[in-house]
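What the coordinates show
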Amino acid sequence: MAIWDTLDNYPSGCSPPLTDYIQTDPKMKFSYHPENTTFQNGFLGVAPSIPATISGTLHIRFPEAVEAKSILLNFIGRETVEWVDLKRIRGQKIIVDKSISLWKSTREVGHELITDFDLPFEFQVPEDAVESFKTHFGNVTYTLRAIIKRKPKKKSNICEVRVPILRYTIPDPEEMRPLVIRSHSRPRQVPLSWNAILPSTFFHINNEESIKLQIIAHNPTLRIKKISACLKTLMTYTVDDSNVISLYREKRHSKHEVFLKDITIEPFGPDISFKADVKIRIPDDVPPTCKTKHITIKNEIQIKVTFEKSRHHVLIMREIFVGRNFNNERAGSLVRRSVRRSLDFSEIPAKPFATPSFELSHC
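Residues numbered from 1 in each chain as written. Predicted model: local features only at pLDDT ≥ 70, side-chain atom pairs only at ≥ 80, totals over all residues. Heavy atoms only, no water.

Points about the pairing of strand 2 (residues 28–31)
For clarity, the threshold we go by: Exposure classes here rest on a 1.4 Å probe applied to the protein chains alone. A residue is buried below 20% of its type maximum, exposed above 50%, and partly exposed in between. Think of it this way: any DSSP run of H or I at least four residues long counts as a helix, any run of E at least two long counts as a strand, and we number them from the N terminus. Two strands form a pair only when DSSP identifies at least two bridges running between them.
Here strand 2 shows a buried face lined by Met 28 and Phe 30 and a second buried face lined by Lys 29 and Ser 31. As paired elements, strand 2 and strand 4 (residues 53–85) share four bridges and run antiparallel to each other. Paired with Met 28 across the bridge in strand 4 is Ile 60.

This is the structure in structure tokens:
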């Protein structure tokens with residue numbers, strides 16, 4: 001019976017799904033600690049004094065004893081970019097490359113018979129490690145690769161699984177303040193002005209934020225047809241070869257639309273005011289704002305306002321930071337308090353908390 005069958009009675013969520021395996025072996029399987037649903041322990045990026053770790057157990061089941069020399073486990077992180085522009089272009093950087101020996105024969109002959117093993121392991125994640133993410137032309141991926149070296153010399157069993165890594169941030173107080181962006185005072189083809197209030201400039205992954213938008217129409221006959229809002233990710237890929245032109249791509253995520261029936265219309269002196277709440281959805285698979293050796297990720301909000309009986313529109317854009325807010329993470333208040341008690345705040349730049357206010361920015 002394969003280990004995939006013998007471990008089916010493990011608690012749900014204690015093992016990575018089959019889709020996470022890059023290379024499978026019917027006699028080997030990984031699992032998390034029983035109380036976990038991931039290999040990662042701790043909050044990477046919060047403070048160097050509390051390193052995040054990757055831990056779990058490697059399970060080995062041979063129905064009949066085999067002669068083995070050693071069992072090795074590698075923890076590898078890679079940043080990779082690849083695309084085709086007349087020729088195949090590829091760049092790669094190793095983020096982490098660690099190995100441990102889980103078992104080694106103590107016999108003088110160098111090998112011995114083995115059948116079943118349950119081997120716990122733990123690796124420390126480098127403090128500067130980037131969060132796992134995948135885009136069309138680049139990715140950051142971490143894996144665990146187990147190798148059983150057997151007799152004869154060239155025979156081995158290999159099992160490799162992806163290890164998602166999450167990175168957290170404690171945002172600056174300034175990043176969490178509301179931000180007001182306003183239109184420039186200049187002649188426009190559509191006679192109007194606008195302002196938008198962002199709840200902050202730090203947007204949490206797998207979350208939804210509401211932006212308050214007001215448009216002042218200086219033409220009383222002007223009517224809004226639709227307001228569309230979305231998150232846009234801008235990606236730049238580079239390689240070490242200076243003769244290769246960087247690749248630039250962008251992706252728009254799920255769009256939220258507001259129609260006339262959901263817009264508040266009221267007089268504003270001689271003008272007309274249109275008010276609406278627009279939603280920006282930050283999906284759980286969006287690449288976080290970051291800069292690595294080969295990949296630069298930027299994120300921005302984009303709000304498009306179209307009008308009835310007009311081919312003109314208004315486009316509002318603002319760059320934001322997308323990441324995982326440690327203060328908002330649903331990890332449980334007890335865990336968060338425990339982590340905070342252990343934090344060495346001397347390692348985190350101290351910034352005074354300002355009195356809440358609105359910051360003004362013009363676009």
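Examining unusual backbone geometry
Even without a glycine there, the phi angle at Leu 86 is positive, about 70 degrees. Tracing the sequence through the fold places Leu 86 in the loop between strand 4 and strand 5 (87–104). Of note in this structure, Lys 309 is not a glycine but carries a positive phi near 55 degrees. Counting through the fold element by element, Lys 309 comes out in the loop between strand 20 (295–307) and strand 21 (313–323). For Lys 309, a relative accessible area of 90% puts it in the exposed group.

With respect to the nonpolar core
Put simply, the test is: Side-chain atoms within 4.5 Å are what join buried Ala, Val, Leu, Ile, Met, Phe, Trp, Tyr and Cys residues into a set we call a nonpolar core.
By size, the foremost hydrophobic cluster in this structure holds 49 residues, and its most contacted members are Phe 30, Ile 54 and Leu 144. For this core, the elements supplying multiple residues, two or more each, are strand 2, strand 4, strand 5, strand 6 (112–124), strand 8 (138–150), strand 9 (156–162), strand 14 (224–237) and strand 20. Sort the elements by how many residues they give to this core and strand 4 lands first, with 11 residues. With 35 residues, the next largest nonpolar core counts Trp 194, Ile 227, Leu 231 and Ile 303 among its residues.

Structural notes on the confidence of the model for the protein chain
Threshold: Values of pLDDT, ranging from 0 to 100, describe the predictor's confidence in every residue of the model. Any two residues whose heavy atoms approach within 4.5 Å are treated as being in contact.
Of the residues in the protein chain, 87% have a pLDDT of 70 or more, and the chain-wide mean is 86. Confidence over residues 330–363 falls short of pLDDT 50; this stretch has 56 contacts with residues more than four positions distant or in other chains.

Things to note about the pattern of salt bridges
Basically, it comes down to this: Put simply, a salt bridge is a Lys or Arg side-chain nitrogen that is within 4 Å of an Asp or Glu carboxyl oxygen.
Using the criterion set out here, one finds 14 salt bridges in the structure. For Arg 61, the salt bridge is made with Asp 118, and the minimal N-O distance between the two is 3.1 Å. Pair noted here: Arg 61 is in strand 4 and Asp 118 is in strand 6, with a separation of 57 residues, a long-range link. Accessibility expressed as a relative area gives 18% for Arg 61, which makes it buried. The exposure class of Asp 118 is partly exposed, given its relative accessible area of 41%. The partner of Glu 82 in a salt bridge is Arg 90, and the shortest N-O contact between them spans 2.9 Å. A network of salt bridges, in which partner residues are shared, links Lys 232, Glu 250, Arg 252 and Glu 300.

With respect to the layout of surface pockets
Gaps between atoms show up when a probe of the same size as a water molecule is rolled over them. The condition that has to hold: Every definition here rests on a 1 Å grid over the protein atoms only: cavities are sets of points where a 1.4 Å probe fits but cannot get out, pockets are open sets enclosed by protein on both sides within 12 Å along at least five of seven lines, and lining residues have some atom within 4 Å of a point. Grid points are joined across faces, edges and corners, and a volume is the space filled by probe spheres set on the points. Three classes are used: nonpolar for Ala, Val, Leu, Ile, Met, Phe, Trp, Tyr, Cys and Pro, charged for Asp, Glu, Lys and Arg, and polar for all others, with Gly counted as polar.
Of the pockets and cavities examined, the largest pocket occupies roughly 990 Å³. Lining the largest pocket are 40 residues, and of these Ser 132, Phe 133, Lys 134, Val 140 and Pro 164 sit closest to its centre. Going through the elements one at a time, strand 4, strand 5, strand 7 (133–134), strand 8 and strand 9 are the ones with two or more residues in the lining of the largest pocket. Here the lining of the largest pocket is composed, by residue class, of 14 nonpolar, 13 polar and 13 charged.

A short note on the packing of aromatic side chains
Each aromatic ring pair is summarised here by two numbers: the centre-to-centre distance and the angle between the ring planes. Stated formally: Paired rings are identified among Phe, Tyr and Trp, the last through its six-membered ring, by centres lying within 6.5 Å, and are further divided according to the angle between planes into stacked (under 30 degrees), edge-to-face (over 60) and tilted (the rest).
One pass over the full model with this rule turns up 13 aromatic pairs. Residues Tyr 32 and Phe 39 carry aromatic rings whose centres are separated by 4.8 Å and whose planes lie at 85 degrees to one another, so their mutual orientation is edge-to-face. Each member of the pair, Tyr 32 as well as Phe 39, is classed as buried. Both rings, one in Phe 121 and one in Phe 123, keep their centres 6.5 Å apart while their planes meet at 50 degrees; by these two values the pair is tilted. Taken as a pair, Phe 121 and Phe 123 share a single burial class, namely buried. Among the aromatic residues, ring-to-ring pairing joins Phe 30, Tyr 32, Phe 39, Phe 75, Phe 121, Phe 123 and Tyr 142 into one connected group.

Comments concerning the environment of Thr 53
When you line up the elements, Thr 53 lands in strand 4. Judged by its relative accessible area of 14%, Thr 53 is buried. Expressed as a C-alpha distance, the spacing of Thr 53 and Phe 39, which sit 14 residues apart in the sequence, is 8.0 Å. Filtering out sequence-adjacent residues up to four positions away, Thr 53 remains in contact with Phe 39, Gln 40, Asn 41, Glu 122, Phe 123, Gln 124 and Val 125.

Considerations on the environment of Asp 85
Inspection of the secondary structure puts Asp 85 in strand 4. What makes Asp 85 partly exposed here is its relative accessible area of 45%. For the pair Asp 85 and Ile 245, spaced 160 residues apart in sequence, the C-alpha separation works out to 9.3 Å.

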